[in-house]
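# A closer look at the structure
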Amino acid sequence: METFDPAELPELLKLYYRRLFPYAQYYRWLNYGGVVKNYFQHREFSFTLKDDIYIRYQSFNNQSDLEKEMQKMNPYKIDIGAVYSHRPNQHNTVKLGAFQAQEKELVFDIDMTDYDDVRRCCSSADICSKCWTLMTMAIRIIDRALKEDFGFKHRLWVYSGRRGVHCWVCDESVRKLSSAVRSGIVEYLSLVKGGQDVKKKVHLSENVHPFVRKSINIIKKYFEGYALVGQDILENKENWDKILALVPETIHGELQQSFQKHHNSLQRWEELKKASSRCQNNIKNDKCGPWLEWEIMLQYCFPRLDINVSKGINHLLKSPFSVHPKTGRISVPIDLRKVDQFDPFAVPTISSICHELDAISTNEEEKEENEAESDIKHRTRDYKKTSLAPYVKVFEQFLENLDKSRKGELLKKSDLQKEF
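Here's what I pulled together on the structure shown here. (Residues numbered from 1 in each chain as written. Predicted model: local features only at pLDDT ≥ 70, side-chain atom pairs only at ≥ 80, totals over all residues. Heavy atoms only, no water.)

### A look at the side chain of Ser-319
- Structurally, the position occupied by Ser-319 is in the loop between strand 8 (317-318) and helix 13 (350-367).
- Overall, the relative accessible area of 0% leaves Ser-319 in the buried class.
- In terms of polar contacts, Ser-319 uses its side chain to reach the side chain of Tyr-26, at 2.7 Å.
- Setting aside its immediate chain neighbours within four residues, Ser-319 contacts Tyr-26, Ile-78, Asp-79, Ile-80 and Ser-331. (Helix = DSSP H or I, 4+ residues; strand = E, 2+ residues; numbered from the N terminus. Buried < 20%, exposed > 50% of the residue type's maximum accessible area, 1.4 Å probe, protein only. Polar contact = N/O pair within 3.5 Å; in protein donor to acceptor, adjacent residues only side chain to side chain. Contact = heavy atoms within 4.5 Å.)

See the structure below:
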């Protein structure tokens, strides 16, 4: 992957918004079939421009209006907000209190920095292939629950462009949910609780909820490779002391001794499991059980959601196909069928796709006479010639499913009406 130079960003963005951004698919998504009048027109967009100039409450009449504005402004970042009671760009003309956020997708934001207390390879904005497994587990756990526990069908997962992932749940009924219900859902999906000062952040008891059990089953598939080998969480005393802080003091002594006799995290983890089951057999002790090791697995691997992003209907979230100004990577949709293969470092950067386009265009433009006509032709197919194409395809598949669902609902409604 070629290096990205932030100094080139303004020029690259011009080309990206003029010839590579998938406007048709993007509009098709946020217009939701045009079923609800003014749904797209009442949607808030926010642009961050060069030098952190931030413009909220942008809204557009249609796809062409959106295209023109994006090509004029060349935003460094695009955020999507709620669908409001009025057009957001006219919010100043509406009488006080009348301008209200009414609908939005249910969104989730998972950021690698929230795992800094449990990852050893990187910290803050840095990521590597070792800790990326945390995001893989997060997608698998949250997506399973959204699909199976809640019955949500339309879930778009997107790479943030740097160190995290976002999820957009787009079912029609979900977009109408109140803030209180959203809070309930995100609360259900949260297990790791407590700030920096709290050592033990997960507490289970004998009655383990099916959601927790299913999440543990997912973590088990990754735990050995990720935590015991990759992160080596029991490598030395400094690290194993952090784990001993999560288990009852009655077994600290024997674990300290047995950990010193063994040479790697895999062996020490086996010792911890044995000690936990011995402790469990001691009937007087209700602090021990299989949940002891589960609590550790969850604290080290369970998804950490930014609750506020999900709760608020008016909360903004970075748009798919936005460009990350620090890394140059595009916020691309993630194919749920290939979550384990997703590699954030293989995601196209704005420089790589613009250079791919330049290489192709040089030959083509020599043949083109009519500039206006060529621009329209370009727009419909240019991204297809670059490494952005497979990601747009994932997005299109998601839109197909949304369309099918909508048509199914409309058929149901018309059949019901015929019955009366």
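That was the structure; now back to the text.
### A closer look at the packing of helix 9 (residues 252-261) against helix 10 (residues 265-281)
- Contact geometry for helix 9 and helix 10: axes closest at 10 Å, N-to-C directions at 155°. Accordingly, the angle class assigned to the pair helix 9 and helix 10 is roughly antiparallel. Handedness of the crossing formed by helix 9 with helix 10: right-handed. Taking contact as the criterion, the partners of Glu-254, Leu-255, Ser-258 and Phe-259 in helix 9 are, on helix 10, Arg-268, Glu-271, Leu-272, Ala-275 and Arg-278.
- Along the lines of polarity and charge, the residues of the contact of helix 9 with helix 10 split into four nonpolar, one polar and four charged. (Axes fitted to C-alpha atoms, helices over the stretch in contact; angles between N-to-C directions. Parallel < 35°, antiparallel > 145°, perpendicular 65-115°, else oblique. Left-handed = near helix turned anticlockwise from the far one by under 90°. Nonpolar A, V, L, I, M, F, W, Y, C, P; charged D, E, K, R; others polar.)

### Side note on unusual backbone geometry
- In the Ramachandran plot, Asp-51 falls in the positive-phi region, its phi being about 60° despite a non-glycine side chain.
- Mapped onto the elements, Asp-51 comes out in the loop between strand 1 (43-49) and strand 2 (53-58).
- Of the residues examined, Asp-51 reaches a relative accessible area of 65% and is grouped as exposed.
- Positive phi outside glycine occurs at Asp-232, with the angle close to 50°.
- Checked against the element boundaries, Asp-232 lands in the loop between helix 7 (210-230) and helix 8 (237-244).

### Remarks on the sheet that holds strand 5 (residues 106-111)
- Pairing is antiparallel in the open sheet, where three strands are placed in the order 5-7-6. Sheet topology places strand 5 and strand 6 (155-159) at the edges, where each strand pairs with a single neighbour. With strand direction ignored, the average angle separating the axes of adjacent strands in the sheet is 15°.
- Across the face of the sheet, helix 4 (residues 129-149) comes into contact with strand 5, strand 6 and strand 7 (164-169) while running at roughly 170° to strand 6. (Pairing = 2+ DSSP bridges.)

### Re the nonpolar core
- Residues Tyr-16, Trp-29, Phe-45, Phe-108 and Ile-350 are the most contacted members of the largest nonpolar core, which totals 124 residues.
- Among the elements that make up this core, the one with the highest residue count is helix 4 (11 residues).
- Listed in part, the five residues of the second largest apolar core include Ala-82, Val-94, Phe-99 and Ile-313. (Core = buried A, V, L, I, M, F, W, Y, C linked by side-chain atoms within 4.5 Å.)

### Quick word on the environment of Glu-400
- One can find Glu-400 in helix 15 (residues 389-419).
- Judged by relative accessible area, which is 36%, Glu-400 ranks as partly exposed.

### A word on the pattern of salt bridges
- Summed over the entire model, instances satisfying the criterion amount to 29 salt bridges.
- Asp-117 is the salt-bridge partner of Lys-201, the closest N and O atoms lying 3.2 Å from each other. Placement of the pair is Lys-201 in the loop between helix 6 (179-188) and helix 7 and Asp-117 in the loop between strand 5 and helix 4, with a sequence separation of 84 residues.
- When its relative accessible area of 35% is taken as the criterion, Asp-117 is described as partly exposed.
- Here Glu-148 makes a salt bridge to Arg-144, at a shortest N to O gap of 3.0 Å. (Salt bridge = Lys/Arg side-chain N within 4 Å of Asp/Glu carboxyl O.)

### Focus on helix 2 (residues 23-31)
- When you tally the buried positions in helix 2, you get seven out of nine residues, the bulk of the element.
- Considered for burial, the residues of helix 2 that qualify are Tyr-23, Gln-25, Tyr-26, Tyr-27, Trp-29, Leu-30 and Asn-31.
- Phi turns positive, to about 45°, at Tyr-32, one or two residues after helix 2.

### As for the environment of Tyr-84
- Looking at the element boundaries, Tyr-84 is found in strand 3 (residues 77-84).
- The spatial distance from the C-alpha of Tyr-84 to the C-alpha of Ile-313 is 9.9 Å, given a sequence separation of 229 residues.

### Re the packing of aromatic side chains
- Going through the model one piece at a time under the given rule, you end up with 28 aromatic pairs.
- Ring geometry for Tyr-26 and Phe-45: centres 6.4 Å apart, planes at 40°, overall tilted. Of this pair, Tyr-26 sits in helix 2 while Phe-45 is found in strand 1, placing the two residues 19 residues apart along the sequence.
- We classify Tyr-26 as buried; its relative accessible area is 0%. (Phe/Tyr/Trp six-rings, centres within 6.5 Å; stacked < 30°, edge-to-face > 60°.)

### Quick word on the packing of helix 8 against helix 9
- Where helix 8 meets helix 9, the closest approach of the two axes is 11 Å, and the angle between their N-to-C directions is 150°. On the basis of their axis angle, the class for helix 8 and helix 9 is roughly antiparallel. For the crossing formed where helix 8 meets helix 9, the hand is right-handed. Residues Lys-237, Trp-240, Asp-241 and Leu-244 of helix 8 form the contact with helix 9, whose own contacting residues are His-252, Leu-255, Gln-256, Phe-259 and Gln-260.
- Split into classes, the residues belonging to the contact of helix 8 with helix 9 amount to four nonpolar, three polar and two charged.

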